[in-house]
Amino acid sequence: MHYRPFGPADAQVSAIGIGTWYIDRGDRKEGVAALRAALDHGINHIDTAEMYGDAELVVAEAIAGRRDDAFLVSKVLPHNASRQGTRTACERSLKRLGTDRLDCYLLHWRGPHPLADTVAAFMELQREGKIRSWGVSNLDEDDLAELDAVARAMGGRNACDQVLYHLKERAIEHAVLPACRAQGAALVAYSPFGHDDFPRAGSPGGKVLAAIAEAHGATPHQVALAFLIRDPAVFAIPKAGSPNHAIANAAAADLVLSADEIARIDAAFPRGAKPRSLPML
Ligand SMILES: NC(=O)c1ccc[n+]([C@@H]2O[C@H](COP(=O)([O-])OP(=O)(O)OC[C@H]3O[C@@H](n4cnc5c(N)ncnc54)[C@H](OP(=O)(O)O)[C@@H]3O)[C@@H](O)[C@H]2O)c1
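In this text, all values refer to a predicted model and were calculated from it rather than measured experimentally. (Residues numbered from 1 in each chain as written. Predicted model: local features only at pLDDT ≥ 70, side-chain atom pairs only at ≥ 80, totals over all residues.)

1. Observations concerning the overall build of the protein
Consideration 1: Summing up its helical and strand segments, the protein has 10 helices and 10 strands in all.
Consideration 2: For the protein, the C-alpha radius of gyration of 18 Å lies close to 19 Å, the compact-globule estimate for 281 residues.
Consideration 3: Counting only C-alpha atoms, the protein reaches 50 × 40 × 30 Å along its principal axes.
Consideration 4: Sorting the 281 residues of the protein into buried and exposed places 47% on the buried side. (Helix = DSSP H or I, 4+ residues; strand = E, 2+ residues; numbered from the N terminus. Rg over C-alpha atoms; globule rule 2.2 N^0.38 Å. Buried ≥ 20, exposed ≤ 12 C-beta atoms within 10 Å, placed from the backbone.)

Structure (structure tokens):
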């Protein structure tokens, strides 16, 4: 596993993490086992959110007795992200997760409350030790610039932007990734397998992935992850509902693609033109 500094947060975080959206909908025991297998194989980055139903409860079960093994991330819903609402939502998440702190707490997407109010609440929570760092999700480069100014005026720093990033959706490479790099923030790729739209085996892109995977004794999913985390500012958080998937994803961090392989993937899944607005799920 490769560990990287997570933006300005004082932590080494696994380049491959594990997402938990819908993990409460499948077999719960299997979900808990997947999270534990992830931790056992060097994944410390666990991503959850108040929005994800009972996912925080599944995470709580998985990290019980080994909280320090995890870099735990949860998110506040935009309509809750007022100065007081953020604090209340954080307390709820801490209770559901059975912990006294989050390693990073994110605004899930930009909503009705001024960024300054959410950031003020984040910084209070940080001072109280309830969160170690804070960040955002689904913010485009203009929002990130505004956030950076708001944060610096209060003496704070944004740790990350968690955004949609997979082989068929590379829009963030145009401006969001450069903005994160410039601000020293981590970029976290959500839905790195396209949620439920991974390139089909027989498709032209699928054939490229299969050929590269075969050369490495790997799978196309592992090749996709290795491509996404080729930039040292990027982390990926594939959801895995079974130990086998979690273990396979962890191993992808050790897969090093050659410049030629990266060029072939780049050609098979072109970045495309910059869209008007940031794509999100
Ligand atoms: N901030 C946001 O707005 C936002 C939005 C969406 C997602 N997220 C976060 O990002 C995480 C990941 O995104 P996602 O859940 O949308 O989808 P995803 O990670 O792109 O894809 C998940 C799918 O891939 C399968 N899979 C996992 N590992 C595999 C492997 N090694 N080989 C083959 N298939 C594999 C999973 O199957 P199994 O379930 O059977 O393992 C599941 O069907 C979420 O869980 C959530 O934590 C954040």
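Moving on from the model shown.
2. What about the sheet that holds strand β5 (residues 71-76)?
Consideration 1: Reading across the sheet, the 8 strands line up as β3-β4-β5-β6-β7-β8-β9-β10 and stay open at both edges, with parallel pairing between neighbours. In this open sheet, the two strands that pair with only one neighbour each are β3 (18-19) and β10 (234-236).
Consideration 2: Sheet contacts for helix α6 (residues 176-183): β8 (160-164) and β9 (186-190); angle to β9, the most-contacted strand, approximately 145°. (Pairing = 2+ DSSP bridges. Contact = placed C-beta atoms within 7 Å. Axes fitted to C-alpha atoms, helices over the stretch in contact; angles between N-to-C directions.)

3. Some thoughts on helix α1 (residues 28-40)
Consideration 1: With 13 residues, α1 extends 18 Å from end C-alpha to end C-alpha; this agrees with the ideal 18 Å at 1.5 Å per step.
Consideration 2: Those residues of α1 not exposed but buried are G31, V32, A34, L35, A37 and A38.
Consideration 3: Buried-residue contacts for α1 involve β3, β4 (45-47), α2 (55-63) and α9 (243-251).
Consideration 4: Note on α1: the residue one or two positions beyond its end, G42, has a positive phi of about 95°. (Expected span 1.5 Å × (residues − 1).)

4. Structural notes on helix α7 (residues 204-216)
Consideration 1: In this model α7 runs 19 Å from its N-terminal to its C-terminal C-alpha over 13 residues, within 8% of the 18 Å that 1.5 Å per residue would give.
Consideration 2: Residues V208, L209 and I212 constitute the buried set of α7. Along α7, the residues classed as buried sweep out an arc of 95° about the axis, all on the same side.
Consideration 3: Buried residues along α7 sit against α8 (220-228) and α10 (259-268).
Consideration 4: The first or second residue beyond α7 is G217, which carries a positive phi of 60°. (Arc of directions from axis to C-beta.)

5. What about the packing of helix α3 (residues 83-97) against helix α4 (residues 115-127)?
Consideration 1: Closest axis-to-axis distance for the α3/α4 pair is 7 Å, and the angle between their directions is 45°. By the angle class used here, α3 and α4 are oblique. Every pair of crossing elements has a handedness; the one defined by α3 and α4 is right-handed. Taking contact as the criterion, the partners of R83, T86, R87 and C90 in α3 are, on α4, D117, T118, A120, A121, F122, E124 and L125.
Consideration 2: Its residues placed into classes, the contact of α3 with α4 shows 5 nonpolar, 2 polar and 4 charged. (Parallel < 35°, antiparallel > 145°, perpendicular 65-115°, else oblique. Left-handed = near helix turned anticlockwise from the far one by under 90°. Nonpolar A, V, L, I, M, F, W, Y, C, P; charged D, E, K, R; others polar.)

6. Looking at the site of the ligand
Consideration 1: Neighbouring the ligand are 25 residues; G19, W21, F193, K239 and G241 lie closest to it.
Consideration 2: Among the elements that line the shell around the ligand, the one with the most residues is α9, at 3 residues.
Consideration 3: Grouping the constituent residues of the shell around the ligand by class yields 9 nonpolar, 14 polar and 2 charged. (Near = placed C-beta within 6 Å.)

7. What to know about the nonpolar core
Generally speaking, soluble globular proteins have nonpolar side chains that are buried together.
Consideration 1: Y105, L187, A189, I229 and F235 are the most contacted members of the largest nonpolar core, which has 90 residues in total.
Consideration 2: Among the elements that take part in this core, α8 stands out by supplying 6 residues, more than any other.
Consideration 3: With near-sequence residues (within four places) excluded, A189 lies in contact with Y165, L228, V234, F235, A236 and I237. (Core = buried A, V, L, I, M, F, W, Y, C linked by C-beta atoms within 7 Å.)

8. A word on the pairing of β5
Consideration 1: Where burial is concerned, most of β5 is hidden: 6 out of the 6 residues are buried.
Consideration 2: Every second residue of β5 is oriented toward a common face, with F71, V73 and K75 on one face and L72, S74 and V76 on the other, all of them buried.
Consideration 3: Read from β4 through α2 to β5, the crossover connection turns out right-handed.
Consideration 4: Bridging between β5 and strand β6 (residues 104-107) involves 4 bridges; their strand directions are parallel. Following the sheet pairing, V73 is matched in β6 by C104.
Consideration 5: Following the chain from β5 across α3 to the adjacent parallel β6, one finds a crossover that is right-handed. (Right-handed = clockwise from strand over helix to strand, strands pointing away.)

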